[in-house]
Every structure is written in C-alpha cells, then in structure tokens.
Amino acid sequence: MCDICEKHRKNVKWYLDPDNYKDELVLNDKARMKVIEDITGYRLEYYVYNTSRLSKLFQKLGPLKYLLKPLVNKKAYELHGGQVVPLEDALQIVEIAHNHVLIPCYCRYLFGGETELTCLNFGLVKDLWPKYKPQDPIEEVSKKEAASLLKEWDRKGYVHGVFWAKIPYVIAICNCEKKYCSALRNALLYGIENSYKKSHYIAVIDPGLCDLCNGNPKCVLKCQFNAIRFKPSSKTIIIDASLCYGCGLCREACDRGAIKLVERSSLPK
C-alpha cells in the first residue's frame with residue numbers, strides 16, 4: 001500500500017475514492033484553492049519551469065540534499081504532485097470525475113516546443129481556466145471521449161499519472177513522456193519521489209508466452225524507466241521491480257500478452 005492510501009484510503013485506492021473529487025474540498029479550503037489557482041491559472045508555466053529549476057539546484061547541494069529531501073517531498077504533498085496509474089485505473093478515474101476538460105501540456109510545450117492538449121483536468125479547472133488563461137485553449141470532453149483519448153495516448157506511449165492539488169484532491173490525469181514531463185524528471189533525476197510516485201503495480205513477464213520478438217523485444221524499447229532488460233546469452237527478459245513504475249505501457253507493445261501487472265504489495269519488499 002502506498003503512503004497516500006495509508007493516510008486517505010477508504011477501502012479503495014486513494015484516487016478511486018469519489019470523495020476526493022468533491023469540489024467542496026477546494027471551496028472549503030483557502031490553501032487548496034490558492035494551489036489550484038496557481039497551477040491552473042496565470043502561474044502555470046512559471047510553476048512548471050520553476051519546479052524544474054529548483055529541482056536542479058536541489059541536486060547540486062551535495063550531502064545537504066539528503067537532509068532537505070524530506071522537506072522537499074513534504075512540500076510536494078502540500079502543493080502538486082502525481083502518481084503513475086495504468087490505463088485501467090485511468091479509465092476508472094474518468095468515470096468518477098466530473099467536468100472533464102483538456103488543456104495544453106505545458107511540460108511538452110516548455111521542454112519540447114510542442115502544443116498538445118493531453119492534460120485531462122477535472123472539477124473547478126473548467127471554470128477557472130477561462131478566467132486566468134483566456135487566450136489559451138481548453139476543450140470540454142465527455143467521459144466517453146476522454147476514455148477514447150486515454151486509449152489512444154496509451155498506444156502512443158504516454159505515461160498516465162493522476163495528479164493532486166494538495167492531497168487528496170484529484171485534479172487531473174497527466175499524459176506525457178519522460179523526455180518532457182517535469183514531475184517525472186524531478187522524480188527520476190533528482191530523487192523527489194512525491195513529485196511523481198510509482199504506481200500500485202509492477203509488471204511481470206510470463207516466460208511461457210514470451211517469444212522474445214525474434215531477438216528484438218518490443219517491451220524493452222517501450223519502457224521509459226529502463227526497467228526491462230534483455231539478456232541475449234540466456235534468452236530471457238528481466239523486469240527490475242525497483243525501477244518499474246507500473247505504467248503498463250510495456251503490455252501494449254507485447255503481441256502475445258506475456259506481460260501483466262500485479263499489485264506491488266504482493267511482491268517481496
């Protein structure tokens with residue numbers, strides 16, 4: 001069980017609890033409202049850029065960073081962070097949430113120069129976005145349309161992540177890639193785990209179904225976390241559980257259905 005669920009769980013994973021989508025969590029909490037106004041409003045680009053800049057500075061602190069790391073991770077809880085989710089959980093989130101809107105992925109824009117509406121937001125963003133970002137695009141989508149887009153992004157290799165705006169309020173599903181995503185880069189490069197937490201799952205391979213793709217395993221290329229390795233000498237595929245984020249994208253690459261996700265808690269620590 002992840003630490004978020006330990007604090008906020010009600011017999012389901014924290015992001016599958018309908019209570020965590022209620023706008024009253026924002027309307028009755030001025031601190032949370034400020035966070036949401038900042039990250040969905042006029043400071044969004046600055047927020048993405050500044051968190052990346054501060055993370056790089058944090059990495060340069062040497063041994064001091066280990067003393068500050070708990071404080072930085074605590075700050076991510078208080079402000080804005082995410083957790084990787086596989087497609088099936090993302091689809092459940094779509095059914096629970098309300099006010100589905102697409103806004104541009106600013107990580108993709110700032111770090112890749114690409115404009116793509118792959119940030120699926122919920123709740124109050126629908127009303128706040130036109131107020132703070134009247135010149136930027138926003139597109140309202142139905143639950144059916146959102147589900148279809150998630151499946152398309154899954155095929156493209158976009159990692160799905162459920163994001164909070166002050167735990168446990170769910171604000172969005174981010175669909176991005178490691179080369180662009182600031183939250184994922186902060187977690188992988190700078191060790192700020194609460195910026196983008198691993199999912200509740202780990203990928204495992206059934207060797208009886210895996211045919212190694214004729215010596216060029218597609219799953220290895222699909223993994224953005226370097227968690228899957230091919231050993232030609234022994235003709236085996238190995239998934240490093242310590243590196244796997246449980247996004248499930250490797251499954252989409254496997255034509256034989258040899259990869260599945262299992263609960264992280266079911267494996268030895």
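This text goes with the structure placed above it.
So, here is what we can say about the structure in this document. Treat the numbers as computed from the prediction; the structure is a model and nothing was measured.

**Section: the pattern of salt bridges**
Turning to step 1, where the next piece is worked out: Summed over the entire model, instances satisfying the criterion amount to 17 salt bridges.
Turning to step 2, where the next piece is worked out: Residue Lys156 pairs with Glu152 through a salt bridge whose shortest N-O separation is 3.6 Å. Taken together, the residues span about one helical turn, with Lys156 and Glu152 both in helix H9 (residues 143-156) at a distance of four residues.
Turning to step 3, where the next piece is worked out: Judged by its relative accessible area of 43%, Lys156 falls in the partly exposed class.
Turning to step 4, where the next piece is worked out: The residue Lys222 makes a salt bridge to Glu252 at a minimum N-O spacing of 3.3 Å. Residue Lys222 is found in helix H11 (residues 218-222), and its partner Glu252 is found in helix H12 (residues 249-253); the two are separated by 30 residues along the sequence.
Turning to step 5, where the next piece is worked out: What makes Glu252 partly exposed here is its relative accessible area of 33%.
Turning to step 6, where the next piece is worked out: Residues participating in the shared-partner salt-bridge network are Arg108, Glu114, Glu116, Glu152, Lys156 and Glu177.

**Section: the pairing of strand S6 (residues 170-176)**
Turning to step 1, where the next piece is worked out: For S6, the tally of buried residues reaches seven of seven residues, placing the bulk of the element in the interior.
Turning to step 2, where the next piece is worked out: Note: strand S3 (residues 119-121) against S6, three bridges, orientation antiparallel. Looking at S6, one finds that Leu120 is bridged to Ile173.
Turning to step 3, where the next piece is worked out: Where strand S5 (residues 159-165) meets S6, six bridges bridge the pair, whose relative direction is antiparallel. By the bridge assignment for S6, Val159 is matched with Cys176.
Turning to step 4, where the next piece is worked out: As consecutive antiparallel partners, S5 and S6 are separated by four residues, and within that stretch Lys166 has a phi angle of approximately 70°, a positive value.

**What to know about the nonpolar core**
Turning to step 1, where the next piece is worked out: The biggest cluster of nonpolar side chains holds 74 residues, and the ones touching the most others in it are Trp14, Tyr15, Ile93, Leu120, Ile171, Ile173 and Tyr196.
Turning to step 2, where the next piece is worked out: When residues of this core are assigned to their parent elements, the largest contribution, six residues, is made by S6.
Turning to step 3, where the next piece is worked out: The contact partners of Tyr15, leaving out residues within four places of it in the chain, are Tyr21, Gln83, Val85, Asp89, Ile93, Ile96, Val162, Val170, His200 and Tyr201.

**Side note on the sheet that holds strand S4 (residues 139-140)**
Turning to step 1, where the next piece is worked out: Spatial ordering of the open sheet is given by S4-S2-S3-S6-S5-S1-S7, a layout of seven strands whose pairing is mixed. The two strands at the open ends of the sheet, each matched to only one other strand, are S4 and strand S7 (196-197).

**Here's the deal with the packing of aromatic side chains**
Turning to step 1, where the next piece is worked out: Here the structure, examined in full by the defined rule, presents six aromatic pairs.
Turning to step 2, where the next piece is worked out: Three or more aromatic residues joined by ring pairs make a cluster, and in this case those are Trp14, Tyr15 and Trp164.
Turning to step 3, where the next piece is worked out: Here the basic side chain of Arg108 rests over the ring of Tyr158, its NZ or CZ set 4.6 Å away from the ring centre.
Turning to step 4, where the next piece is worked out: It is Arg185 that lies over the ring of Phe111; its NZ or CZ is 4.7 Å from the centre.

Cut-offs applied
- Residues numbered from 1 in each chain as written.
- Predicted model: local features only at pLDDT ≥ 70, side-chain atom pairs only at ≥ 80, totals over all residues.
- Heavy atoms only, no water.
- Salt bridge = Lys/Arg side-chain N within 4 Å of Asp/Glu carboxyl O.
- Helix = DSSP H or I, 4+ residues; strand = E, 2+ residues; numbered from the N terminus.
- Buried < 20%, exposed > 50% of the residue type's maximum accessible area, 1.4 Å probe, protein only.
- Pairing = 2+ DSSP bridges.
- Core = buried A, V, L, I, M, F, W, Y, C linked by side-chain atoms within 4.5 Å.
- Contact = heavy atoms within 4.5 Å.
- Phe/Tyr/Trp six-rings, centres within 6.5 Å; stacked < 30°, edge-to-face > 60°.
- Lys NZ or Arg CZ within 6 Å of the ring centre and 35° of its normal.

These figures capture arrangement, not role.
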